[in-house]
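Structural features, examined
Chain by chain, the residues:
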Amino acid sequence: MEVIYTGVRQTAEEIVNAAIQEDVDVIGVSMHSGTHLAIAPKIMKLLKENSAENKQVVFGGIINKNDVPTLKKAGVREVFGSGTNTSRITQFIKEIIT
Amino acid sequence: MKLASKVLEGDVLAAARLMRVIEDEAPSALDELKDLYAHTGRAYVVGVAGAPGSGKSTLLDCLITAFRKKDMKVGVIAVDPTSHFTGGAILGDRIRMQSYGVDKDVFIRSLATRGWRGGLSKATVNTVHVLDAMGKDIIFVEAVGSGQGEIDIARVADTALIILTPGAGDEIQMMKAGIMEAADIFVINKADRDGAYDLKSSLEILLMMKSHLPGEWEPKIVMTEAISGKGTEELAEEILRHKDFLISSGELEKRRRAKARLELMMAIEGSLMNRIDENIDKDYLEKMVDDVMHRRVSPLSAASEIIKPFIK
């Protein structure tokens, strides 16, 4: 896997722009600020507007378990809380890109 | 055919997809590049080489700023190494170029070396073509720093930059064959650090020892502090000064001819290898490997034997 790391505090526009330029299969959003409910729909909307909905989105980090259904409803494929085993994440990614 | 025409229309998604197709060496890449090639040759290519940690990406961020101020469209190819053990890569150069996150006239693409020897990725040359066809005025190619990397960069670029930093033992690095000849502009980054001006003096002495024919380009040394942007406008001007020199002296024509020759030879080599790879009997090949290992035949003789049926 080739991972493009863009750094912290990226806006939804920056994330989607990078995802498009790099032609990624999966976007992994790592959250530590608690703004996941705000940013997830923005990302999904931008992907749609740019005809890039085939790029799948997963979230990870410090996310309240109660928010997971909302995120999934917005289109996020999976949410990995902190401490998730890396191999679980890579396995999931392998599955969703086939 | 279908991606190429979209790229020419300005479709960014198509351009990104084509770059991927090229990287993956999909068969369709050949056709797409055939269609695209006639629309390339306009962009000016700047190679940026330097040891890891020398500040290449940070410097690039400043250079993008400088060239955007001149209303030029910018392309960047940032190359990072693929792990020989896992085959994967972390491509982290975008972190330093965040100012351009949403500028439509800046296209940044990360490439992993994927096992290519030296500092340049296999797909780099063709990715430059895509950026060129997209209408970028200037394309920066940032390579993994290694002695070989500097030399490879110079073959792809119109202007080759080498980034040095004080205290990195660079004096020895510089004297290694090829680097002195490969660079058009030397940049001493982190110039606020101790030893920066000593490094400059050492470099000036080495450059003086190199004989210059009248009318030849004399590489300049630019001091920068990329973290604050200091010296980067001067660097941008120096790049343009080099470009003007190349054009007025006829040197650009010579370099582009050498580039074309190199690309053609690389393509021939690639085509031949593919042909052989596709048509060779795997068991026969393994038997040859075995013979070579047990000294029953030398590698050169084995190679001649293998190539024979492909050459009439």
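It should be emphasised that the depicted structure is a prediction, and the values quoted were computed from it without experimental measurement.

Some thoughts on the packing of aromatic side chains
Residues and elements named next belong to chain A. The final tally for this structure, using the stated rule, is three aromatic pairs over all chains. On the numbers, 5.6 Å between centres and 75 degrees between planes, the contact of Phe80 with Phe92 is edge-to-face. With Phe80 in strand β4 (residues 78-81) and Phe92 in helix α4 (residues 86-97), the pair connects residues that are 12 residues apart, well separated along the chain. Residue classification places Phe80 among the buried positions, given a relative accessible area of 4%. Among the residues examined, Phe92 registers a relative accessible area of 16% and is labelled buried.

Observations regarding unusual backbone geometry
Residues and elements named next belong to chain B. If you check the backbone angles, Asp71 has positive phi at about 65 degrees while not being a glycine. Residue placement: Asp71 occurs in the loop between α4 (56-69) and β2 (74-80). Unusually for a residue other than glycine, Arg295 sits at a positive phi of about 65 degrees. With respect to the helices, strands and loops of the structure, Arg295 is situated in the loop between α12 (282-293) and α13 (299-307). Look at Arg295 and you get exposed, because its relative accessible area is 72%.

Topic: the confidence of the model for chain B
Across chain B, the average pLDDT comes to 88, with 91% of residues at 70 or higher. Per the prediction output, this complex has pTM 0.89; the corresponding ipTM is 0.87.

A short note on the side chain of B:Asp132
Residue and element names in this part refer to chain B. Structurally, the position occupied by Asp132 is in helix α5 (residues 124-133). Although Asp132 is buried, it makes no salt bridge; Arg42 carries the closest opposite charge, 5.2 Å away. Not counting residues within four places of it along the chain, the set of residues in contact with Asp132 comprises His39, Thr40, Gly41, Arg42, Ala43 and Ile139.

Quick look at empty space enclosed by the protein
Gaps left between atoms show up when a probe the size of a water molecule is rolled over them. Inspection of the entire model under this criterion finds one cavity of 30 Å³ or more. Here the largest cavity defines a volume of roughly 90 Å³. Lining of the largest cavity is provided by A:Thr6, A:Gln10, A:Glu14, A:Ala18, B:Arg94, B:Met97, B:Gln98, B:Gly101 and B:Ile108. Here the lining of the largest cavity is composed, by residue class, of three nonpolar, four polar and two charged.

Calculation criteria
Residues numbered from 1 in each chain as written. Chains lettered and ligands numbered in written order. Predicted model: local features only at pLDDT ≥ 70, side-chain atom pairs only at ≥ 80, totals over all residues. Heavy atoms only, no water. Phe/Tyr/Trp six-rings, centres within 6.5 Å; stacked < 30°, edge-to-face > 60°. Helix = DSSP H or I, 4+ residues; strand = E, 2+ residues; numbered from the N terminus. Buried < 20%, exposed > 50% of the residue type's maximum accessible area, 1.4 Å probe, protein only. pLDDT = per-residue confidence, 0-100. Lys, Arg positive; Asp, Glu negative; His and termini not counted. Salt bridge = Lys/Arg side-chain N within 4 Å of Asp/Glu carboxyl O. Contact = heavy atoms within 4.5 Å. 1 Å grid on protein atoms, 1.4 Å probe; cavity = no way out; pocket = protein on both sides within 12 Å on 5 of 7 lines; lining within 4 Å. Points joined across faces, edges and corners; volume = space filled by probe spheres on them. Nonpolar A, V, L, I, M, F, W, Y, C, P; charged D, E, K, R; others polar.

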